[in-house]
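Survey of secondary and tertiary structure
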Amino acid sequence: MMEQFEEEEEQQPSDQSDLLTGSQDQVEDEEKPSQGQEGNSGDEWDTDLETDSATDQKQSQSRAELYLQACQRTGSVPVSSFLRNLGDTNLNLNHYGVGPLGTKALAIVLQMLQTNITIQSLNLSNNQLGQEGAYTISKMLSENYYVKSLKLSGNDFDDAAAKYFADALKGDYVIKELDLSHNMFSFTGGQHLGHMLAANVGIEVLNLSWNPLRLGGAMAVSAGLKVNSTLKQLDLSWNAFGQMEAESLGQALKNNRTLVLLDLSGNHVDDQAVTLLCQGLITNETLGVLKLSQNPLTNIGALTLLKTVKNNMKSALEEIDISTVFVNEEFVELLEEARQKRPALDVRHSAMSYVTRNLSALQILRKFLSERNESIMDFFEALDKEGTTNVSTSDFRKAVKQQLEWLLRKFDKNCTSTIMYSEFAELS
């Protein structure tokens with residue numbers, strides 16, 4: 001594999017090392033003191049001390065000169081935003097049309113200024129970098145000591161580009177946040193990234209959303225997650241994950257002890273897939289946020305998920321997003337029961353209006369019966385004289401009239417024949 005990677009390096013259209021060496025020689029010539037400067041005494045140097053701001057300005061000018069020289073050598077158009085923000089910690093070049101040649105110029109400058117560079121966050125998203133740009137960035141990453149956040153969304157990266165990134169990041173510990181969303185990683189690309197994830201010891205936030213990762217590629221990512229010890233947030237939304245991928249993630253969650261957020265929104269996770277995912281949630285103790293909206297889930301899958309979380313007393317889950325799933329009364333009742341022991345549990349879901357109405361009526365009936373020390377079953381069994389487990393609506397209506405009288409006594413405690421409903425305003 002290493003021989004293959006070396007061959008791919010040799011096939012690149014230009015030699016970056018020549019550009020780097022040429023620019024470095026010119027910088028060294030500029031930094032060498034003139035003969036007149038060498039003869040100056042220490043006193044003369046003391047009188048020429050510059051302020052910090054003046055020094056920073058001079059450094060920025062030097063960086064700008066280096067960048068313009070690199071652009072000239074690579075034949076790329078300088079990006080004005082880079083020149084304006086040379087001293088900033090965050091460099092955002094999202095949608096600036098940098099392209100692969102422009103990326104090469106940026107990489108040359110960043111490599112040459114490792115000792116005094118200030119950039120910690122680099123955003124090169126949506127710049128059509130392609131495979132050549134991926135190669136250039138991977139070479140920069142191999143000597144990176146300062147950039148902690150790297151965003152490369154929407155750059156037409158394919159599986160070959162994934163190999164460049166994987167090889168550069170396998171032993172990396174500097175990059176903490178990596179965004180590779182909206183690219184074209186599929187089967188092979190997922191395998192490369194999965195192997196990287198298994199060996200990487202730095203990345204804490206990884207965004208792989210909107211890639212056609214599935215089957216073997218997705219399973220490789222899950223295998224990497226299984227042994228990874230640093231990743232905290234993983235976004236795998238909109239990747240066409242189904243039952244097979246959910247099962248592999250479930251197995252990973254059995255072993256992973258660091259992941260706190262998993263986003264699976266917009267996939268093909270159905271009721272059966274959730275059951276497979278729950279195999280890992282049964283024992284997982286660290287995952288705190290699970291996003292599953294925009295999946296073909298039904299109330300059945302929602303119940304399976306909630307029961308799993310409720311039964312795992314060591315579960316850390318506090319936020320579950322199934323906001324596109326319409327649940328029934330059983331789910332809402334189970335959620336209320338779960339919240340009795342875990343008040344922080346927030347499950348975003350949807351419910352038809354009749355579900356909330358039925359639940360309200362049921363709660364009222366329960367309150368009425370509790371004051372009579374009766375259960376709902378006692379109430380209906382008393383009406384069902386023949387034990388048919390069926391009660392006519394007319395018999396039920398007669399029994400409910402007693403409940404109506406109970407409500408009137410509650411709302412008109414002073415028997416004034418009026419109900420002051422303003423006190424219920426804050427309950428509505």
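Residues numbered from 1 in each chain as written. Predicted model: local features only at pLDDT ≥ 70, side-chain atom pairs only at ≥ 80, totals over all residues. Heavy atoms only, no water.

If you look the protein chain up in an unreviewed UniProt entry, it shows as Leucine-rich repeat-containing protein 74A from Dissostichus eleginoides.

It is worth spelling out the overall build of the protein chain at this point. Tallying secondary structure elements over the protein chain gives 18 helices and 10 strands in all. Burial analysis of the protein chain (428 residues in total) assigns 44% to the buried set. Put simply, the protein chain shows about 22,700 Å² of open surface, and 50% of that area lies on carbon and sulfur atoms. (Helix = DSSP H or I, 4+ residues; strand = E, 2+ residues; numbered from the N terminus. Buried < 20%, exposed > 50% of the residue type's maximum accessible area, 1.4 Å probe, protein only. Areas by Shrake-Rupley, 256 points an atom, 1.4 Å probe, with all protein chains shown as cover.)

This part covers the packing of aromatic side chains. Under the criterion given, the structure shown has 4 aromatic pairs. Taking the centre distance of 4.5 Å and the plane angle of 65 degrees together, the rings of Tyr67 and Phe82 count as edge-to-face. In this pair, Tyr67 sits in helix α5 (residues 52-74) while Phe82 sits in helix α6 (residues 80-84), placing the two residues 15 residues apart along the sequence. An identical accessibility class is assigned to Tyr67 and Phe82; each is buried. Pairing Tyr135 with Tyr164 gives two aromatic rings, centres 5.5 Å apart and planes at 70 degrees, and the pair type is edge-to-face. Residue Tyr135 is located in helix α8 (residues 130-141), and its partner Tyr164 is located in helix α9 (residues 159-169); the two are separated by 29 residues in the primary sequence. Classification of Tyr135 by relative accessible area gives buried; the value is 10%. (Phe/Tyr/Trp six-rings, centres within 6.5 Å; stacked < 30°, edge-to-face > 60°.)

Tracing the sequence through the fold places Ser149 in strand β3 (residues 149-151). By relative accessible area, which is 9% here, Ser149 ends up buried. Among the polar contacts made by the side chain of Ser149, one reaches the side chain of Glu177 at a distance of 3.1 Å. In contact with Ser149, not counting residues within four places along its chain, are Gln120, Ser121, Leu122 and Glu177. (Polar contact = N/O pair within 3.5 Å; in protein donor to acceptor, adjacent residues only side chain to side chain. Contact = heavy atoms within 4.5 Å.)

Attention shifts here to the packing of helix α11 (residues 216-227) against helix α12 (residues 243-255). Helices that pack against each other are described as a pair by the angle of their axes relative to one another and the distance between those axes. The contact between α11 and α12 brings their axes to 8 Å, and the two run at 5 degrees. With respect to their mutual orientation, α11 and α12 come out roughly parallel. When α11 is examined against α12, the residues Ala218, Met219, Ser222, Leu225 and Lys226 are found in contact with a partner set consisting of Met244, Glu245, Ser248, Leu249, Gln251, Ala252 and Asn255. Along the lines of polarity and charge, the residues of the contact of α11 with α12 split into 6 nonpolar, 4 polar and 2 charged. (Axes fitted to C-alpha atoms, helices over the stretch in contact; angles between N-to-C directions. Parallel < 35°, antiparallel > 145°, perpendicular 65-115°, else oblique. Nonpolar A, V, L, I, M, F, W, Y, C, P; charged D, E, K, R; others polar.)

What follows deals with the packing of α8 against α9. At a minimum axis separation of 9 Å, α8 and α9 run at an interaxial angle of 0 degrees. The orientation of α8 relative to α9 falls into the category roughly parallel. For the pair α8 and α9, the contacting residues are Gln131, Ala134, Tyr135, Ile137, Ser138 and Leu141 in the first and Ala160, Ala161, Tyr164, Phe165, Ala168 and Leu169 in the second. Split by residue class, the contact of α8 with α9 holds 10 nonpolar, 2 polar and no charged.

With that out of the way, let us pick up unusual backbone geometry. Backbone geometry places His95, a non-glycine residue, at a positive phi of 65 degrees. Following the sequence through the fold, His95 ends up in the loop between β1 (90-92) and α7 (99-112). Positive phi, normally seen in glycine, also occurs at His182, with a value near 55 degrees. Structurally, His182 is set in the loop between β4 (177-179) and α10 (187-199). For His182, a relative accessible area of 43% translates into the label partly exposed.

Now for empty space enclosed by the protein. Evaluated as defined, the whole model comprises 1 cavity of 30 Å³ or more. When its volume is computed, the largest cavity comes out at roughly 50 Å³. What lines the largest cavity is simply Lys310, Met313, Glu337, Ala338, Lys341 and Arg342. Looking at the lining of the largest cavity residue by residue, the classes come out as 2 nonpolar, no polar and 4 charged. (1 Å grid on protein atoms, 1.4 Å probe; cavity = no way out; pocket = protein on both sides within 12 Å on 5 of 7 lines; lining within 4 Å. Points joined across faces, edges and corners; volume = space filled by probe spheres on them.)

Evaluated as defined, the whole model comprises 7 salt bridges. Between Glu337 and Lys310 there is a salt bridge, with its nearest N and O atoms 3.5 Å apart. Taken together, the residues span a long stretch of sequence, with Glu337 in helix α15 (residues 329-341) and Lys310 in helix α14 (residues 299-311) at a distance of 27 residues. Note on Lys310: relative accessible area 24%, which makes it partly exposed. Note that Arg348 and Asp346 form a salt bridge whose closest N and O atoms lie 3.9 Å from each other. Residue class for Asp346 comes out partly exposed when judged on its relative accessible area of 32%. The network of salt bridges with common partners includes Lys163, Asp167 and Lys170. (Salt bridge = Lys/Arg side-chain N within 4 Å of Asp/Glu carboxyl O.)

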